[in-house]
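Examination of the molecular architecture
Chain residues, written in single-letter form:
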Amino acid sequence: MSIRIYNTLGGKKEEFKPIREKKVGMYVCGPTVYDYSHIGHARSVVVFDVIARYLRSQGYEVTYIRNFTDVDDKIIKRANELGVDSLSVSEKFIEAFCKDMDALNVQRPDFEPKVTEYIEEIKAFVEKLIEQGKAYQTDGDVYFSVESFSGYGKLSGRKLEDMEAGARVEIDERKRNPFDFALWKAAKPGEPFWESRWGKGRPGWHIECSAMSNKLLGETFDIHGGGKDLIFPHHENEIAQSEGASDKTFARYWIHNGFVNINQEKMSKSLGNFLMIKDVLKTYHPEAIRVFLLSNHYRSPIDFTDKAMDEAGAALDKIYSLLERAETNIGAQISADAPGDYWRRFCEAMDDDFNTAKGLGIVFEAVRNINRSLDENAEMTPELKKQIGSDGSDILKIGSILGILAESHQTYFGKKKQKAIEEKSVDAAAIERMIQERTEARKSKNWARADEIRKQLEAMNIILEDRHDGTVWKAER
RNA sequence: GGCGGCAUAGCCAAGUGGUAAGGCAGCGGUCUGCAAAACCGCUAUUCUCCGGUUCAAAUCCGGAUGCCGCCUCCA
């Protein structure tokens, strides 16, 4: 079974064939670190995290790279606002980014290159383009000449002639074509700079990805990803530079994820509705965030609402509850191994352009079927135990790709209780005492007292479940 | 102005030629002292609308309407 990927370059699904058998080079554009990361960054990072995990599960040896842009106008601006140097701004937000992504159970890429660590490679790349006559220098700036690259516009489906009518680009007399873009920018007073043949300056925005991917993955690699907004101009320009310099295909498969909207509105500075990951994490379990992000196809827009997040949380509860029930019934811990039918169907969904939404549907089918099996069979026969262990194992294996179900159900529900205790200032010991009293009341068939206690707890957002082996409590969402 | 995407039940959503996954909410039922949880059943004869191709279309083609994104160093 082969994997099919929707390639932005060409605009259709294609069978995925890596350059080297069973090896994949993947480069994803990371953040410009001038602020905390928002939920949109989370989507991009989670989507490509899942893609990397899935490819590895299918036997590919993946070299996954995600860069940090740590020199940039916005970082300099922020540094000036704060009265610190730009390096301390970028370091601070790189650290914050890593903290957020660790919280979201994102696996670290193999390399996380920073622009400031690849200045020599970038200068050499620019030099090469100048030698080839594809870039030119004016004052201390160096520009790439878009007209030197005949394929310019092939990724975004634009033509230079058409775009000139747009008139949204300021005319810079020093550029030969308004769409020429900076490879190297001369330093203004007070800006960070590196010495170069063209004077003191710093890299332009696009060149870093070309230089770093070239160094780490070679002139041609398999997958290049990022948010949809990067298609133009960023990725278009990367192609122009890289293919201009090497005369070879740059990246073979271009994958772009859709945006996250907030209550049907685009996140934007004017609306001031940027939703930071660190803030969302205060309210929702990180795995619920992943479930939410993966419940739509990665290319579609997705709408962040409290309702959608509550549903994602409920979905996660449902899966963990099933795992708890299954382990209790078979009297053993379930581990992710011995792939079965659900896993096979999950892989079919993922093979079709990483359809995580369909994959999650398969998880719920498994959950329902196992629950039914447990409802219908009072006797736990060895065969039944084996079946449930195997199906549960599929769920965990799928979870290991989606990056969910990484906790034990004890930890998961324990944390939920803990959170309820802290946030709603309930007293766990008091709850236990009340439950104890209710249990006594029930034994003596004092239903009125039993119901009264339950009502009291309900008022504290505590829900009771009377099970065969005792009463347990849960915090209402 | 140029380019691209989307439109599936009350809500979210998968489905790219073979007769509508899954989740949430709702209603009815099983279980329960009563609940909760879980399960079962019901809830789109139909996929924005109009044409066309085909034995067959939510799926392909043309058109209409509506919504959205990019063309601004926003993932």
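A quick note: this is a predicted structure, and the numbers were derived from the prediction, not measured.

1. Concerning the sheet that holds strand β12 (residues 265–266)
- Taken together, the three strands give an open sheet; going across it, the order is β12-β11-β13, and neighbouring strands pair in mixed fashion. On the outer flanks of this sheet lie β12 and β13 (302–304), each paired with one strand and no other.
- Examined bridge by bridge, strand β11 (residues 260–262) and β13 share three bridges and lie parallel to one another. Residue Ile262 lies in a different strand from β13, and its bridge partner there is Phe304.

2. Considering the domain arrangement of chain A
- Per the domain assignment, the segments making up chain A are domain 1 (19–266), domain 2 (309–410) and domain 3 (424–475).
- Relative to domain 3, the C-alpha centre of domain 2 lies at a distance of 30 Å.

3. Here we look at the protein's contact with RNA strand B
- In the neighbourhood of RNA strand B, 53 residues make up the surrounding shell, with Lys74, Lys185, Lys266, Arg372 and Arg454 lying closest.
- In the environment of RNA strand B, a phosphate oxygen lies 2.7 Å from a nitrogen or oxygen atom belonging to the side chain of His41.
- Taking Lys307, its side chain carries an N or O atom lying 3.3 Å from a sugar or linking oxygen of RNA strand B.
- When residues of the surface near RNA strand B are traced back to their parent elements, those giving at least two are α1 (39–57), α2 (73–82), β9 (221–227), α10 (306–330), α12 (356–376), α15 (428–443), α16 (447–459) and β14 (462–467).
- Looking at the surface near RNA strand B residue by residue, the class counts come to 12 nonpolar, 16 polar and 25 charged.

4. Thoughts on the pattern of salt bridges
- In the structure shown here, the tally under the stated rule is 39 salt bridges.
- Two residues, Asp279 and Lys282, come together in a salt bridge whose shortest N-O distance is 3.1 Å. You can see Asp279 and its partner Lys282 sitting in helix α8 (residues 277–283), three residues apart, about one turn around the helix.
- Using a relative accessible area of 56% as the deciding quantity, one classes Lys282 as exposed.
- A salt bridge links Glu465 to Arg467, with the shortest nitrogen-to-oxygen separation between them at 3.2 Å.
- Three or more residues joined by partner-sharing salt bridges are found here, namely Asp35, Lys77, Arg78 and Glu81.

5. Some remarks on the pairing of strand β5 (residues 135–138)
- The sheet contact formed by β5 and strand β6 (residues 141–144) spans four bridges and is antiparallel. Counterpart to Thr138 in the pairing with β6 is Asp141.
- Linking β5 back to β6 in an antiparallel pair, the connection comprises two residues, with Asp139 at a positive phi of about 50 degrees.

6. Topic: the packing of α10 against α12
- Here α10 crosses α12 at 40 degrees, and the two axes come no closer than 10 Å. With respect to α12, the element α10 is oriented oblique. In the crossing of α10 with α12, the sense of the turn from one axis to the other is left-handed. Residue-level contacts link Ala315, Lys318, Ile319, Leu322, Arg325, Ala326 and Asn329 of α10 to Val363, Phe364, Val367, Ile370, Asn371, Leu374 and Asp375 of α12.
- Residue classes in the contact of α10 with α12 are distributed as nine nonpolar, two polar and three charged.

7. Overview of the sheet that holds strand β8 (residues 201–203)
- Pairing is antiparallel in the open sheet, where four strands are placed in the order β5-β6-β7-β8. One side of each edge strand has no neighbouring strand; the edge strands of this open sheet are β5 and β8. For this sheet, the mean inter-axis angle between neighbouring strands, taken without regard to orientation, is 25 degrees.
- Pairing of strand β7 (residues 181–186) with β8 involves three bridges; the strand directions are antiparallel. From the neighbouring strand, Lys185 faces β8, where its bridge partner is Arg202.

8. Looking at the pairing of β9
- For β9, the tally of buried residues reaches seven of seven residues, placing the bulk of the element in the interior.
- Where strand β3 (residues 23–28) and β9 come together, three bridges link them in parallel fashion. Each residue of the ladder has a partner; that of Met26, found in β9, is Ile223.
- Bridging between β9 and strand β10 (residues 251–257) involves six bridges; their strand directions are parallel. By the bridge assignment, Ile223 is partnered in β10 with Tyr253.
- In the classification by handedness, the crossover that spans β9, the intervening helix α7 (residues 231–246) and the parallel β10 is right-handed.

9. Digging into the packing of helix α11 (residues 341–351) against helix α13 (residues 382–402)
- Packing of α11 against α13 leaves a shortest axis separation of 8 Å and a crossing angle of 30 degrees. Classified by the angle between their axes, α11 and α13 sit roughly parallel to one another. Every residue of α13 that contacts α11 at Asp341, Tyr342, Trp343, Phe346 and Met350 is listed here: Asp391, Asp394, Lys397, Ile398, Ile401 and Leu402.
- Considering only residue class, the contact of α11 with α13 consists of seven nonpolar, no polar and four charged.

10. As for the side chain of Asn237
- Mapped onto the secondary structure, Asn237 falls in helix α7.
- When sequence neighbours within four positions are dropped, the list of residues in contact with Asn237 reads Tyr152, Phe181 and His206.

11. Things to note about the packing of aromatic side chains
- Under the criterion given, the structure shown has 17 aromatic pairs.
- Each ring, one from Phe68 and one from Phe97, has its centre 5.3 Å from the other, and the planes form 90 degrees; the classification is edge-to-face. With Phe68 in the loop between β4 (61–66) and α2 and Phe97 in helix α3 (residues 86–103), the pair connects residues that are 29 residues apart, well separated along the chain. Here Phe68 matches Phe97 in class, with each residue buried.
- A centroid spacing of 5.2 Å and a plane angle of 85 degrees characterise the contact between Phe221 and Phe250, whose relative ring orientation is edge-to-face.

12. Observations regarding α15
- Between the first and last C-alpha of α15 there are 23 Å, a value that for 16 residues agrees with the 22 Å anticipated at 1.5 Å per step.
- When we look at burial in α15, the residues that qualify are Ile431, Met434, Ile435, Arg438 and Ala441. Projected down its long axis, α15 shows its buried positions confined to an angular sector of 115 degrees, all on one face. Turned more than 90 degrees away from the buried face of α15, the exposed residues are Arg433 and Lys443.
- The inward-facing, buried residues of α15 contact α16, β14 and β15 (470–475).
- Of the residues flanking the start of α15, the one acting as N-cap is Asp427, its side-chain oxygen 3.0 Å from the backbone nitrogen of Ala429.
- Downstream of α15 by one or two residues, Lys445 has phi in the positive range, about 55 degrees.

Rules and cut-offs
Residues numbered from 1 in each chain as written. Chains lettered and ligands numbered in written order. Predicted model: local features only at pLDDT ≥ 70, side-chain atom pairs only at ≥ 80, totals over all residues. Heavy atoms only, no water. Pairing = 2+ DSSP bridges. Helix = DSSP H or I, 4+ residues; strand = E, 2+ residues; numbered from the N terminus. Domains from an automatic or database assignment. Near = heavy atom within 4 Å. Polar contact = N/O pair within 3.5 Å; in protein donor to acceptor, adjacent residues only side chain to side chain. Nonpolar A, V, L, I, M, F, W, Y, C, P; charged D, E, K, R; others polar. Salt bridge = Lys/Arg side-chain N within 4 Å of Asp/Glu carboxyl O. Buried < 20%, exposed > 50% of the residue type's maximum accessible area, 1.4 Å probe, protein only. Axes fitted to C-alpha atoms, helices over the stretch in contact; angles between N-to-C directions. Parallel < 35°, antiparallel > 145°, perpendicular 65-115°, else oblique. Left-handed = near helix turned anticlockwise from the far one by under 90°. Contact = heavy atoms within 4.5 Å. Right-handed = clockwise from strand over helix to strand, strands pointing away. Phe/Tyr/Trp six-rings, centres within 6.5 Å; stacked < 30°, edge-to-face > 60°. Expected span 1.5 Å × (residues − 1). Arc of directions from axis to C-beta.

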